[in-house]
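Fold and geometry: a report
One letter stands for each residue in the lines below.
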Amino acid sequence: MKILFYDAKQYDIESFNKQLKDYPEITVDYIETDINERTASLADGYDAICAFVSSDLGKNTIKTLGEKGVSLILMRCAGYNNVDLATADDLGITVLRVPGYSPEAVAEHAMTLAMCVNRRIHKEYIKVRENNFSLVGLKGLNFYGKTAGIIGTGKIGAAMARICHGFGMKVIAYDKYPNKNLDFIEYKELEEVLRESDLISLHCPLTVENYHMINAKTISLMKDNVIFVNTSRGELVDTEDLIAGIRSKKFHGVGLDVYEEEGHNVFENREEDILESSITARLLSFPNVIITSHQAFFTEEALEAISRTTLDNAMDFKKGSINQMNQVK
Ligand code: NAI
């Protein structure tokens, strides 16, 4: 099994190489470039390619992979909204992913964003370095006794719900498929969750039906002074409407690990570039917004689980015994 690993960063290489000794039948070649319709042809002669959330696995890319004889796409992530599954299916290319590597890593980051933006840690860090010890602009809110609204209570949403519960918050949630193991959660309709929550955190996948689920209308339902966190997918939120909502002082704080048009930015140092979009600059012009760059998953434990499951997926495919939970169609 020969795998071409696109967009390889040092931490990916370290983490995969650590595991590879247990997989003697797999060879991995790492390349820095990400996959897209032009770079897909580099996979000529490989059985599989390994890609990530920010990779371009659209129709033309997958067609090229098919022409080059690639029969397996290994997503080293949970999300797969960037993969043209219909084309992969037409060409008989299997797509496997890592559905849950460390839900706690993402949930802990969601709470980190909520807490940092609440207590303005991003402002305070810089102020204190400049010997400015004033408290002006730093006032936060207690989480204890408040209501957390979790949208999507799968693996990550459940972990976030448990964290909020541990903070002494009332936890309400919206999900089409309530998680019966979470007996401390009160499930409600989406509108009710938006109306009643002091902290709203998105944990549902991006689908055709929930594109821009957070928009001018749904923002208008939210409580004034709400804290809003998105660690799921940028396109769940209409950024222009979010900016309008921030300008109208709807939010105490907004914490984003993902945002629309992040594709070119994800995991790149773009200090020298003239950016094609001003989304981050516009959002960061507000004192009550904090942005991180799709790092919620990024813990040692998560990287280890990602590399092991990805290599297991490759071996299972080779043996013809795919773990159905990891296959996306
Ligand atoms: P999961 O599949 O375990 O849970 C998703 C839940 O969302 C399910 O319970 C499902 O019923 C629910 N859901 C689906 N559509 C919904 C809707 N329209 N409204 C409300 N709920 C809905 O997924 P998991 O592992 O919890 O991941 C959630 C998302 O987190 C992923 O789809 C991905 O977009 C994002 N993610 C972000 C990462 C980061 O580093 N920022 C890392 C990993 C995942």
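This one's a predicted model, so the numbers in the text were calculated from it and none came from an experiment.

**Section: the overall build of the chain**
Each helix and strand counted, the chain has 11 helices and 12 strands in total. Since a compact globule built from 329 residues should have a radius of gyration of about 20 Å, the 21 Å found for the chain is in line with a globular shape. Here the C-alpha coordinates of the chain stretch approximately 60 × 50 × 35 Å along the principal axes. Out of the 329 residues in the chain, the part that is buried amounts to 52%. Element-wise, carbon and sulfur atoms account for 50% of the exposed surface of the chain, whose accessible area totals about 16,100 Å². Side chains of the chain carry 36 positive and 48 negative charges; the gap between the two charge centres is 5 Å.

**Focus on the site of the ligand**
Around the ligand sit 24 residues in total, of which K155, I156, D175, T231 and D257 are the nearest. The separation between a nitrogen atom of the ligand and a polar main-chain atom of T231 is 2.9 Å. In this structure, a nitrogen atom belonging to the ligand sits 3.0 Å away from a side-chain N or O atom of D257. Across the complex, the protein chains shield 86% of the 870 Å² of accessible surface that the ligand would expose by itself. Across the shell around the ligand, the residue classes break down as 11 nonpolar, eight polar and five charged.

**With respect to the nonpolar core**
Among the nonpolar cores identified, the biggest contains 32 residues, and I35, I49, L57, L65, I73, M75 and V95 are the most heavily contacted of them. Every element with two or more residues in this core is listed here: β3 (48–51), α2 (59–67), β4 (72–75), α3 (85–90), α4 (103–118) and α11 (300–319). The dominant element in this core, judged by the number of residues it contributes, is α11, at three residues. The residues contacting L57, other than those within four sequence positions of it, are I35, I49, A51, I62, L65, I73, M75, N82, V83 and D84. Counting residues in hydrophobic clusters, the runner-up holds 30 residues, among them I172, L194, M222 and Y259.

**Observations regarding the UniProt feature "domain: D-isomer specific 2-hydroxyacid dehydrogenase catalytic" (unreviewed entry) in the chain**
When the UniProt feature table is mapped onto this chain numbering, "domain: D-isomer specific 2-hydroxyacid dehydrogenase catalytic" (unreviewed entry) sits at residues 3–322. Summarising residues 3–322: 35% helix, 15% strand, and an end-to-end C-alpha distance of 17 Å.

**Observations regarding the sheet that holds strand β2 (residues 27–30)**
What the five strands build is an open sheet, ordered β2-β1-β3-β4-β5; its pairing is parallel. Among the strands making up the open sheet, the edge pair consists of β2 and β5 (94–96). The average undirected angle you get between the axes of adjacent strands in this sheet is 20°. Strand direction decides the pairing type here: β3 and β4, joined by four bridges, are parallel. The residue of β4 that forms the bridge with C50 is L74.

**Side note on the sheet that holds strand β11 (residues 251–256)**
The seven strands lie next to each other as β8-β7-β6-β9-β10-β11-β12, forming an open sheet whose pairing is parallel. Strands with a single pairing partner mark the edges of an open sheet, and in this sheet they are β8 (185–187) and β12 (289–291). The mean inter-strand angle of the sheet, taken between neighbouring strand axes irrespective of direction, is 15°. For strand β10 (residues 226–230) and β11, the ladder comprises five bridges, and the chain directions are parallel. Looking at the pairing, V226 lines up with F251 of β11.

**A short note on the packing of α4 against helix α6 (residues 155–166)**
Where α4 contacts α6, the two axes come as close as 8 Å, and the packing angle between them is 50°. Classed by the angle they form, the pair α4 and α6 counts as oblique. Crossing geometry of α4 relative to α6 is assigned as right-handed. On α6, the residues that touch P103, E104, V106, A107, E108, A110 and M111 of α4 are K155, I156, A159, M160, R162, I163 and C164.

**Examining the packing of aromatic side chains**
For any pair of aromatic rings, the description consists of the separation of the ring centres together with the inter-plane angle of the planes. Following the criterion strictly, the structure yields 10 aromatic pairs and no others. Arranged with centres 5.1 Å apart and planes meeting at 55°, the rings of F5 and Y30 form a pair that is tilted. Residue F5 is found in strand β1 (residues 2–5), and its partner Y30 is found in strand β2; the two are separated by 25 residues along the sequence. When the ring of Y101 is compared with that of F297, the centres are 6.5 Å apart and the planes differ by 90°; the resulting orientation is edge-to-face. Residue Y101 is found in the loop between β5 and α4, and its partner F297 is found in the loop between β12 and α11; the two are separated by 196 residues along the sequence. Judged by its relative accessible area of 5%, F297 is buried. An aromatic cluster of three or more residues is present, and its members are Y11, F52, Y101, F267, F297 and F298. The side chain of K2 reaches across the aromatic face of Y46, ending 4.8 Å from its centre.

Reading guide: rules and limits
- Residues numbered from 1 in each chain as written.
- Predicted model: local features only at pLDDT ≥ 70, side-chain atom pairs only at ≥ 80, totals over all residues.
- Heavy atoms only, no water.
- Helix = DSSP H or I, 4+ residues; strand = E, 2+ residues; numbered from the N terminus.
- Rg over C-alpha atoms; globule rule 2.2 N^0.38 Å.
- Buried < 20%, exposed > 50% of the residue type's maximum accessible area, 1.4 Å probe, protein only.
- Areas by Shrake-Rupley, 256 points an atom, 1.4 Å probe, with all protein chains shown as cover.
- Lys, Arg positive; Asp, Glu negative; His and termini not counted.
- Charge placed at Lys NZ, Arg CZ, Asp CG, Glu CD.
- Near = heavy atom within 4 Å.
- Polar contact = N/O pair within 3.5 Å; in protein donor to acceptor, adjacent residues only side chain to side chain.
- Nonpolar A, V, L, I, M, F, W, Y, C, P; charged D, E, K, R; others polar.
- Core = buried A, V, L, I, M, F, W, Y, C linked by side-chain atoms within 4.5 Å.
- Contact = heavy atoms within 4.5 Å.
- UniProt positions renumbered as here; feature names shortened; annotations may be inferred.
- Pairing = 2+ DSSP bridges.
- Axes fitted to C-alpha atoms, helices over the stretch in contact; angles between N-to-C directions.
- Parallel < 35°, antiparallel > 145°, perpendicular 65-115°, else oblique.
- Left-handed = near helix turned anticlockwise from the far one by under 90°.
- Phe/Tyr/Trp six-rings, centres within 6.5 Å; stacked < 30°, edge-to-face > 60°.
- Lys NZ or Arg CZ within 6 Å of the ring centre and 35° of its normal.

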